[in-house]
Structures are given as C-alpha cells and as structure tokens.
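# A closer look at the structure
Each chain, written out:
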Amino acid sequence: MSDVQEATNQLLDVNLHGNQRSIQVTESAPRSESEHLQVTIGATVPTGFEQTAADEVREKLGSSCKISKDRGKIYFDISVESLAQVHCLRSVDNLFVVVKEFKDYQFKETKEEVLKDFEELAGKLPWSEPLKVWNVNTSFKKKKTKRKKINQNSSKEKIDNGQGDKADERDDKKGFTNKTLDSRILDYYENPAIKEEISTLVGDDLASCKDETDEGSKEETPEVLKFRVTCNRAGEKHCFSSNEAARDFGGGVQDYFKWKADMTNFDVEVLLNIHDNEIVVGIALTEESLHRRNITHFGPTTLRSTLAYGMLRLCAPQPTDIIVDPMCGTGAIPIEGATEWSNCYHIAGDNNPLAVNRAANNISSLLTKSQIKEGKVSWGLPIDAVQWDICNLPLRTGSVDIIVTDMPFGKRMGSKKRNWNLYPACLREMSRVCRPGTGRAVLLTQDKKCFTKALSGMGHVWRKVHTVWVNIGGLHAAVYLLKRTPQAFVHPVEQNGERTPW
Amino acid sequence: MKLLTHNLLSSHVRGVGPRGFPLRLQATEVRINPVEFNPDFVARMIPKVEWAALLEAADTVPKEPIEGYEHDEKFLRKMHHVLLEVDVLEGTLQCPESGRLFPISRGIPNMLLSDEETET
C-alpha cells in the first residue's frame, strides 16, 4: 500500500469510538501501535517567553524543549497519549505537529526553481505519522466544549501578532478594530462616542454546550478533505514571497493527496514556516489561538492570556501569595492567575468603572463556564475586583506579595506625557504596598525609557532582577521583574503638599 | 467583595495613614458562594490576616486563632467560609478616622477619592 493510500485511509476511517481509547492519558495495559507514537510538537508562544514556556512543558509533560531560532516557537517530543495534556499548556498560543524539519535548506538560485522545489517537496515528506496525530487530535477536539461558538459572538480585537503573512480570518464583530484606536484619543474609556456593551454570554455558553452533545452523536463520513497552506517567511535572502511559496507548495499537496483547497473552511491546515535557511513543515493542531481563552469581554488593550500566564510564572507565585493587578483593564492577568494558581489570592483593580465592570463580568463568565464544563459545585474562585486609583492604593502597607500588571503604553491607552508623571507615582505606591524582602513585581510596558528613568530613583526599594523583551502587536515592549528590597517603606513628609514626579 | 479583600483594604484619605485600617463594613446584601475547601491555603493565610479586623467584619469569628489551628478542620472550615465564601454585594466601607464612606456596588467597592480629596 502506498504512503498516500495509507494516509488517506487513515483519514477516511475517522471513527470516534475507535479513537476513544487512544486519547486516554492514564497508563495501563499495552495498546495498539499508534499510541506509542513519539512525535515532535511545535508551539508558538509570545516572543520573549520561550524559556517560560519551555519550563511549563518540562513541568507538565516532562519533555525538554528546543527553542527555535525563529523567535516565538518551541519544539518538544511527546508520545501521542500526552496530546490531551499538551492542549492544557497555558503558555502556548498555537500547536502543530512537525512533519519535517530542514535545518539547512538549500535554496536554488532562481524563483522559478525554488517554487518548483516546493511543489515537488510535498510528495517527498513523511506525512503518515503526523496525519495520525492530526486524526487523534481532531476526534479529541470534537469532545471539548465548543468555545469557538462563544468567541464568535463576543466583541474581539484584531491582533497582529507579527508572525508573517498569515491571514487572520476572525471577524471583528463589534468594530473594536485597530483603526478606531486613534492615538489622539488619550483615554479610550473617556470617549463618549464609543458605546459600551456589557453582555453576559451565559446564554450562549449553555446553548453551545447543548449543541455539543447533539453533534457528538452525528458521525460525519468525510469524502474529500479540505486544506489550506499557511506560510510564514522571515529572512532577507529569499527571492520569493510567502504567498508564492504557499501557493506552489499547496499545489503540490493537492496533487499528492487529492484534497480540496479551501481558505476558510478547511479540515487540515498545513504550515510552512521558513526562517532564513530553516524550514519546518507542520500540521496545525489548534484552529484558533488559545490566547483568548479566559476573556469573553474584550477591551481595547486586552492582554493575551498566554502572555499573562508567562508574566505570572516569572514571579514564581507561592501558595497563599496575595497577587494584585492594580491596572487590570479587563482582568486578563488576575483571571489567568485565579485559574492556574488557585492557591493564591488575586485582586483586580482599576480606576475606570468600565474596566472594573468588564473584569467582574469576565470573572462571572469564568465561574459559569467552569460550572458547566466541569460540573463543579464550586462557585467561587479566589479573586476579587476593586475600583481604585493606582497612585493612591487603598491597601495596607506591605500587605501584597506580588504585583503583576500591564502598564499603559502611552499608545492606545494614556499618553507618553502622562507616563512621565504616572510611572514614578505607580512605582512608589507599588513599593509601599509590596511586602519588603519577599515581594516582587512583574511589569509590562512599551515605554521603556520612561520606566527606566522612573526606576532609577527607586533603588532603595526596587531591584531590577530580569528583563524579557517581548513583541506586543508589533510594538517592542519589555517585561521587568523587580524584587522589593527589605527596606521598609517610609512615608514621605509632605512639605507643601506639591507632588513632583522625581 | 470577599472578607479577605476587606482585610487588605485601608482608607487612603489624606492624612489618615495607618489609622485608616480597618474600614468599618456595613453590608446590606450578602451572597454565600461555595468555594472548594483547601485546608492548607486557609492554615497558611491565618497568620497573614489581621485578626481584629476580621473579627469586626464577621461576628462569627472566634476571638483569636485556637492553639493548633492548623489541624483543626472544623475551625479551618469556618475560617474558609468567612474569608472566601462570604461575598458582600451591596454595602459601605467607612474610614474609621475620617468617616468617609466608600460604596460597595455589585460586589465591587469603589475606593476612588474625588479630586478635591486628593489635592491639598
């Protein structure tokens, strides 16, 4: 039987019941060959947090990672049995199974020759095992709660995660596009023209779960699979574009498998990642980025959950740590915290009533979701929301163990000029509430210059331990890990009551 | 607002300083949310909590932690309930020094001071 035939037969044999055993993660009696399959999985992670993601993989899967030269990607080996656990990783945006990796691909001289090579490449790759993994993954996904439906109804923001020419096919339903985020508008929430809609998605949650159980019993017999190729290309010496590569490689794939090409409604997404001389061919295992998982109510500057997770992990939360986000926006960080570090206590605070309400709604949605999904009796999570002013926090001195926040960049929210006054005041107030000696802060900002200046005057209370350079929607930002020195906070004597920033 | 949060909140009205703690809680609407009991969490949280403030906020709290509380499940369950399961939905927090009232609405305390209160 030819390779193609075998691969196609695998796919036509989609049998939900047959695969059920292979999805189980617990070790038991010897099983069929496919479960002992070792595969290489690739994961995209927020750039800058590759090491954090690698740590999570080691901790949860026991696998060591290779961090790719192509920033924002890590690779690790697992057995197919662990596939379910891979989906539980919280630091990864997207997952794919590696078909083949070329460490040093030799490109021919002319564009025509290079593209011809890509076309012919399709037929020479070892598809059958990765497709088996794709198969297992697909039947596994059908059982998961359909979060897709929920996300389609909420307002979303288009994020360019700076990873090449991949077309983002999700719709902007409620018009929160980048175009409306005019940098002239200093405070988004202050703009009366932007109507605020806070709708809970509880109804949708329940409806989609009902659909899930109805659909599960219906078995589809796929005739011809639909596919598309997504190409990400980075490098200066290439004589072709990602579109051309995707087109010609896709042509080769189509000839080989006799699949149908479909850009929007595909079953298989083939990935062609080209970074200088390194090429990785993969098959996507996630169809929608996991990074929006916890947030149903988006704000103009909502942070990716994967980034929130990475930031929290950086400060190594200990059981019963009090973790505060004093500028929480929609609450992405505390919500991620309450989900993953439920043995800590999280507080989400913001001065803006819209933001606090959004955060509270996201918390409610989270509680409802976990109630339905896991059938848990638990209603509550160790998280609370407060409306307050970062410069004047209504918290006891030295009562907070960890401060994690996404500081206004001065681009979409706030302004650079405002930051000159805001940043020192923030750092000062944060140093007051943070526990001396053991306390720490993880702060994300794009205004690195202002931050560094503000920090320079605070060496007696804050010590910079580590910096992670990240890319947020095309902006080069930094995540600073600070440790609170043992020195107790001394309330400044106010002479004439005038507050100067330095 | 959970009582553990109340235990951390302090009035920041100008000039009040540490005398702004604890805020006097007046609850008009309370909801009890069951939360998964984690004895370890509660046991470790107890030394971090300001006991007198907790006492004032919840009249069901014993005068002080019992000797050997780490192993007293009944006591830990009671504290778990007080710290995490009682949710104040509507009410007020009052600064003990200045008398300033901060409202709690839909479970969220509003601790913002007006511009006049923060300026000299």
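The rules behind each value
- Residues numbered from 1 in each chain as written.
- Chains lettered and ligands numbered in written order.
- Predicted model: local features only at pLDDT ≥ 70, side-chain atom pairs only at ≥ 80, totals over all residues.
- Heavy atoms only, no water.
- Helix = DSSP H or I, 4+ residues; strand = E, 2+ residues; numbered from the N terminus.
- Buried < 20%, exposed > 50% of the residue type's maximum accessible area, 1.4 Å probe, protein only.
- Contact = heavy atoms within 4.5 Å.
- Areas by Shrake-Rupley, 256 points an atom, 1.4 Å probe, with all protein chains shown as cover.
- Lys, Arg positive; Asp, Glu negative; His and termini not counted.
- Charge placed at Lys NZ, Arg CZ, Asp CG, Glu CD.
- Buried area = accessible area lost by both parts, 1.4 Å probe.
- Salt bridge = Lys/Arg side-chain N within 4 Å of Asp/Glu carboxyl O.
- Polar contact = N/O pair within 3.5 Å; in protein donor to acceptor, adjacent residues only side chain to side chain.
- Nonpolar A, V, L, I, M, F, W, Y, C, P; charged D, E, K, R; others polar.
- Arc of directions from axis to C-beta.
- pLDDT = per-residue confidence, 0-100.
- Pairing = 2+ DSSP bridges.
- Right-handed = clockwise from strand over helix to strand, strands pointing away.
- Phe/Tyr/Trp six-rings, centres within 6.5 Å; stacked < 30°, edge-to-face > 60°.
- Lys NZ or Arg CZ within 6 Å of the ring centre and 35° of its normal.
- Axes fitted to C-alpha atoms, helices over the stretch in contact; angles between N-to-C directions.

### Regarding the overall build of chain B
Of the regular secondary structure elements, chain B holds five helices and four strands. By its C-alpha atoms, chain B is 50 × 25 × 20 Å across when sized along the principal axes. In chain B, which comprises 120 residues, the proportion classed as buried is 47%. Taking the contacts inside chain B whose residues are at least 6 apart along the sequence as the reference set, 63% of them involve residues at least 24 apart. For chain B, the accessible area works out to roughly 6,100 Å², and carbon and sulfur atoms hold 49% of it. Taking the average place of the 13 positive charges on the side chains of chain B and the average place of its 19 negative ones, the gap between the two points comes to 1 Å.

### Quick look at the overall build of chain A
A count of helical and extended segments in chain A gives 14 helices and 15 strands. Sorting the 502 residues of chain A into buried and exposed places 55% on the buried side. Within chain A, contacts between residues separated by at least 24 positions form 77% of all contacts whose residues are at least 6 apart in sequence. Put simply, chain A shows about 22,400 Å² of open surface, and 49% of that area lies on carbon and sulfur atoms.

### Some points on the interface of chain B and chain A
By a frequent convention, interface size equals the accessible area lost on bringing the separate parts together. The interface of chain B with chain A comprises 31 residues on the first partner and 38 residues on the second. For the pair chain B and chain A, the summed buried area comes to about 2,900 Å², and 57% of that belongs to carbon and sulfur atoms. When the buried area of chain B at its contact with chain A is split by residue, Leu-8, Lys-48 and Ile-108 of chain B rank highest and sum to 22% of it. Residue Glu-50 of chain B is joined to Arg-396 of chain A by a salt bridge in which the shortest nitrogen-to-oxygen separation is 3.5 Å. At the junction of chain B and chain A, the tally comes to 14 residue pairs in polar contact (both at pLDDT 80 or more). Residue composition of the side of chain B that touches chain A, grouped by class: 14 nonpolar, 10 polar and seven charged.

### Here we look at helix α14 (residues 448-456) of chain A
Residues and elements named next belong to chain A. If you check which residues of α14 are buried, you get Cys-450, Phe-451, Ala-454 and Leu-455. Along the axis of α14, the buried residues cluster in a sector spanning 130 degrees; they form a single face. α14 presents Lys-449 and Ser-456 as exposed residues on the side facing more than 90 degrees away from its buried surface.

### A closer look at the confidence of the model for chain A
All names here are of chain A. With 68% of its residues at a pLDDT of 70 or more, chain A has an overall mean of 76. This stretch, residues 10-31, has a pLDDT under 50; its non-local contacts, to residues over four places away or in other chains, come to 32 contacts. Throughout residues 145-220 the model reports pLDDT below 50, and contacts reaching past four residues in sequence, or to other chains, amount to 122 contacts.

### What about the pairing of strand β10 (residues 345-350) of chain A?
Residues and elements named next belong to chain A. With six of its six residues buried, β10 lies for the most part within the structure. Along β10, one buried face is formed by Tyr-345, Ile-347 and Gly-349 and the opposite face, lined by His-346, Ala-348 and Asp-350, is buried too. As paired elements, strand β9 (residues 322-325) and β10 share four bridges and run parallel to each other. Directly across from Ile-322, in β10, lies its bridge partner Tyr-345. Following the backbone out of β9, through helix α11 (residues 332-340) and into the adjacent parallel β10, one traces a crossover that is right-handed. Note that β10 and strand β11 (residues 383-387) share five bridges and pair parallel.

### A short note on the packing of aromatic side chains
One pass over the structure, following the stated rule, counts 16 aromatic pairs over all chains. Taking 4.0 Å as the distance between ring centres and 5 degrees as the angle between the ring planes, the aromatic pair formed by Phe-257 of chain A and Trp-259 of chain A counts as stacked. Relative accessible area serves as the criterion here: at 4%, Phe-257 of chain A is assigned to the buried category. With centroids separated by 4.3 Å and ring planes inclined at 10 degrees, the aromatic side chains of Phe-451 of chain A and Tyr-480 of chain A adopt a geometry described as stacked. Here the residue Phe-451 of chain A occupies a position in helix α14, and Tyr-480 of chain A occupies one in strand β15 (residues 475-484), the gap between them amounting to 29 residues. As far as the burial class goes, Phe-451 of chain A and Tyr-480 of chain A line up, both buried. In this structure an aromatic cluster arises from ring pairing among Phe-102, Tyr-105, Phe-107, Phe-118 and Phe-240 of chain A. Between Arg-396 of chain A and the ring centre of Phe-21 of chain B, over which it is positioned, the NZ or CZ distance is 4.9 Å.

### Comments concerning the side chain of Lys-2 of chain B
The residue Lys-2 of chain B is located in the segment before α1 (3-8) in this model. At 4.4 Å, Asp-384 of chain A is the nearest oppositely charged side chain to Lys-2 of chain B, a buried residue that forms no salt bridge. Those residues in contact with Lys-2 of chain B that sit more than four places away from it in its chain are Tyr-345, Leu-381, Ile-383 and Asp-384 of chain A together with Leu-83, Leu-84, Val-86 and Asp-87 of chain B.

### Comments concerning the sheet that holds strand β3 (residues 73-79) of chain A
Residue and element names in this part refer to chain A. Taken together, the eight strands give an open sheet; going across it, the order is β2-β3-β1-β4-β8-β7-β5-β6, and neighbouring strands pair in mixed fashion. With one partner strand each, in any of the chains shown, β2 (65-67) and β6 (260-261) form the two edges of the open sheet. Summarising the sheet, strand β5 (residues 226-234) and strand β7 (residues 268-275) pair through eight bridges and their orientation is parallel. Within β7, the residue paired with Asn-232 across the bridge is Asn-273. Seen against the sheet, helix α9 (residues 242-257) touches β5, β6, β7 and β8 (278-284) and runs at an angle of roughly 145 degrees to β5.

### Here's the deal with the side chain of Thr-445 of chain A
Structurally, Thr-445 of chain A is set in strand β13 (residues 440-445). A distance of 3.0 Å separates the side chain of Thr-445 of chain A from the backbone nitrogen of Asp-447 of chain A, its partner in a polar contact.

### Re the environment of Glu-278 of chain A
Assignment of secondary structure puts Glu-278 of chain A in strand β8. For Glu-278 of chain A, a relative accessible area of 12% translates into the label buried.

### A short note on unusual backbone geometry
A cis amide bond links Phe-21 of chain B to the next residue, Pro-22 of chain B, at an omega of -5 degrees. Here Pro-22 of chain B lies in the loop between α1 and β1 (24-32). Positive phi, normally seen in glycine, also occurs at Asp-276 of chain A, with a value near 55 degrees. Tracing the sequence through the fold places Asp-276 of chain A in the loop between β7 and β8. For Asp-276 of chain A, a relative accessible area of 34% gives the class partly exposed.

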